[in-house]
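Listed below, chain by chain, are the residues.
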Amino acid sequence: MSQPKRRKLESGGGGEGGGATEEEDGGQQEAALLRPRRTRRERDQMYYECYSDISVHEEMIADRVRTDAYRLGIMRNWAALRDKTVLDVGAGTGILSIFCAQAGARRVYAVEASSIWQQAQEVVRLNRLEDRVHVLPGPVETVELPEQVDVIVSEWMGYGLLHESMLSSVLHARTKWLKEGGLLLPASAELFVAPISDHTLELRLGFWSQVKQIYGVDMSCLEGFATRCIMGHSEILVQDLCGEDVLARPQCFAQLELARAGLEQELEAGVGGRFRFSCYGSAPMHGFAIWFQVTFPKGDSEKPLVLSTSPFQPVTHWKQSLLYLNEPVQVEQDTDISGEITLLPAQDNHRLLRAQLRYKVGDQEEKTKDFTMEDGHFLSPQRPPLAARPAS
């Protein structure tokens, strides 16, 4: 589950218009320091409110790769759902709950913390399933169910898998409401990392060397400044890459089994691992990309169903999460790249994703960089027409 990039989990206010002056910027910083720090409960409430807007749900349901994978993952497990009870954590407009009812579930508890629960109730009534799908408003941490459940379904994944920290709510529900040996849909997740060369970024940086050819004014001196502006920040960006942008064989750096005891503590401490790559060929390396896949139990199929957000697979609304170096580094065939990456909640807002990166490229000295994902600030603000893309 991911919000459209124009929305923020925590906003300091502000409106439309051009960039602020230095005086205005200083005033905004001073106001930010004077503003009372929001409590965890207040930040959670702001997060829930983001999902009251229909645009969020339009983007997610229009993502055919995502929605078809959930529908197929649920239907393949019909035997585990038939005449059983299901908890849908973060039900949104209720489509996954209805899929579960269509698969034969006796009772589905659709828990939704945002006000969109009212629209979910309308959808349930329209599909004449109000006798089997019960919409329960409120966070799953506080909602009380009348019984334990056999299955938990949830689309909890954020950008970079862990942005928004919704997985902790699913794990809370698992501990409190799932029967022993119960089913989790999806059951596991894997995180991948790879070095990348961002063709779009390369064109942007090279633009300043082309100005003289176009207008007769040499502005090539601005390329270094452009590099610092575009790459020198510490934000995790969301952008759609393709397989050609990947410079080496991707590596899995973390595996999350949702039934694993102690996973909550692992998420708080940070999940990650070491990596080592050997580059395919000559290219400017701009940073690393991370993405994920989740796996549904195979049910009546021969093998489990995988929902992948890889750049080698059809695009999803999650795209990929980019970690830029401070400047491009030229790599050649067999250049060695090694390091370690850790994903954890941001210190000042547990809903935001933080990435700690340590890396070494070729003979260069080892470097570190700390990133945070800030909603509303992304390199590519336009979302693609996902509904028109083929499903995997």
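Note that this is a predicted model, so its numbers are computed, not measured. (Residues numbered from 1 in each chain as written. Predicted model: local features only at pLDDT ≥ 70, side-chain atom pairs only at ≥ 80, totals over all residues. Heavy atoms only, no water.)

Participant: Honestly, the overall build of the protein chain in this entry has me stumped. Any pointers?
Facilitator: Secondary structure assignment for the protein chain yields 11 helices and 15 strands. By residue count, 49% of the 392 residues in the protein chain fall in the buried class. Taking all contacts inside the protein chain whose residues are at least 6 apart in sequence as the whole, residues at least 24 apart take part in 78%. Only carbon and sulfur atoms are counted for the fraction: they give 48% of the accessible area of the protein chain, which is about 18800 Å². (Helix = DSSP H or I, 4+ residues; strand = E, 2+ residues; numbered from the N terminus. Buried < 20%, exposed > 50% of the residue type's maximum accessible area, 1.4 Å probe, protein only. Contact = heavy atoms within 4.5 Å. Areas by Shrake-Rupley, 256 points an atom, 1.4 Å probe, with all protein chains shown as cover.)

Participant: Just to check I follow, could you spell out the layout of surface pockets for this structure?
Facilitator: Unfilled space is identified by rolling a water-sized probe across the atoms. Each pocket or cavity is described by its volume, and for the second largest pocket that value is around 260 Å³. Along its surface, the second largest pocket is lined by 15 residues, and Arg40, Asp44, Tyr48, Glu141 and Arg351 are the ones closest to its centre. Of all the secondary structure elements, the ones that give two or more residues to the lining of the second largest pocket are helix H2 (40–50) and helix H8 (167–177). It is H2 that provides the largest number of residues to the lining of the second largest pocket, a total of five residues. Tallied by class, the residues present in the lining of the second largest pocket amount to two nonpolar, seven polar and six charged. (1 Å grid on protein atoms, 1.4 Å probe; cavity = no way out; pocket = protein on both sides within 12 Å on 5 of 7 lines; lining within 4 Å. Points joined across faces, edges and corners; volume = space filled by probe spheres on them. Nonpolar A, V, L, I, M, F, W, Y, C, P; charged D, E, K, R; others polar.)

Participant: What is the right way to look at the side chain of Gln293 in this model?
Facilitator: With respect to the helices and strands, Gln293 occurs in strand E10 (residues 283–296). On the basis of relative accessibility, which here comes to 17%, the residue Gln293 falls in the buried class. Within the structure, the side chain of Gln293 is placed 2.6 Å from the side chain of Glu190, a separation counted as a polar contact. (Polar contact = N/O pair within 3.5 Å; in protein donor to acceptor, adjacent residues only side chain to side chain.)

Participant: What is the right way to look at H2 in this model?
Facilitator: At 3.6 residues per turn, the α-helix brings residues three or four places apart onto the same side. For H2, the complete set of buried residues consists of Arg43, Asp44, Tyr47, Tyr48 and Cys50. The buried side chains of H2 occupy one side of the element, clustering within an arc of 150° when seen end-on. The inward-facing, buried residues of H2 contact helix H3 (54–62). (Arc of directions from axis to C-beta.)

Participant: Even after reading the chapter, I still don't get the nonpolar core, so can you show me in this structure?
Facilitator: Inside soluble globular proteins, nonpolar side chains tend to come together where they are buried. Counting 95 residues, the largest nonpolar core has Leu87, Trp156, Leu161, Leu162, Phe288 and Leu343 as its most contacted members. The element best represented in this core is E10, accounting for seven residues. Those residues in contact with Leu162 that sit more than four places away from it in its chain are Trp156, Leu167, Leu256, Leu267, Val271, Leu343 and Leu353. (Core = buried A, V, L, I, M, F, W, Y, C linked by side-chain atoms within 4.5 Å.)

Participant: Just to check I follow, could you spell out empty space enclosed by the protein for this structure?
Facilitator: This structure, assessed with the given rule, holds three cavities of 30 Å³ or more. Lining the largest cavity are 16 residues, and of these Tyr47, Tyr48, Gly90, Ala113 and Met166 sit closest to its centre. Of all elements in the fold, only H2 and strand E2 (107–112) reach the threshold of two or more residues within the lining of the largest cavity. Residue composition of the lining of the largest cavity, by class: 10 nonpolar, three polar and three charged. What the second largest cavity holds in volume is close to 90 Å³. Surrounding the second largest cavity, 13 residues form its lining, Met60, Arg66, Ala91, Gly92 and Ile95 being those nearest its centre. Elements with a minimum of two residues in the lining of the second largest cavity: H3 and helix H6 (95–102). When residues of the lining of the second largest cavity are assigned to their parent elements, the largest contribution, three residues, is made by H3. Class assignment of the residues belonging to the lining of the second largest cavity gives a composition of six nonpolar, four polar and three charged.

Participant: I keep staring at the pairing of strand E1 (residues 85–89) and nothing clicks. Help me out?
Facilitator: Every other side chain in a regular strand lies on the same face of the sheet, so the side chains alternate between the two faces. With five of five residues buried, E1 lies mostly within the body of the structure. Relative to E2, E1 runs parallel, the two being bridged by five bridges. What sits directly across from Val86, in E2, is Val108. Crossover E1 to E2 through H6 is right-handed. (Pairing = 2+ DSSP bridges. Right-handed = clockwise from strand over helix to strand, strands pointing away.)

Participant: What exactly am I supposed to notice about the packing of helix H9 (residues 199–215) against helix H10 (residues 223–231) here?
Facilitator: For any two helices packed against each other, the geometry comes down to the angle between their axes and how far apart the axes lie. In the contact formed by H9 and H10, the axes pass within 8 Å of each other and the chain directions differ by 155°. Regarding the angle of H9 to H10, the classification is roughly antiparallel. As H9 runs across H10, the sense of the crossing is right-handed. For the pair H9 and H10, the contacting residues are Leu201, Arg204, Leu205, Trp208 and Ser209 in the first and Glu223, Ala226, Thr227, Ile230 and Met231 in the second. Of the residues assigned to the contact of H9 with H10, the class counts are six nonpolar, two polar and two charged. (Axes fitted to C-alpha atoms, helices over the stretch in contact; angles between N-to-C directions. Parallel < 35°, antiparallel > 145°, perpendicular 65-115°, else oblique. Left-handed = near helix turned anticlockwise from the far one by under 90°.)

Limitation: the analysis is restricted to geometry and does not speak to function.
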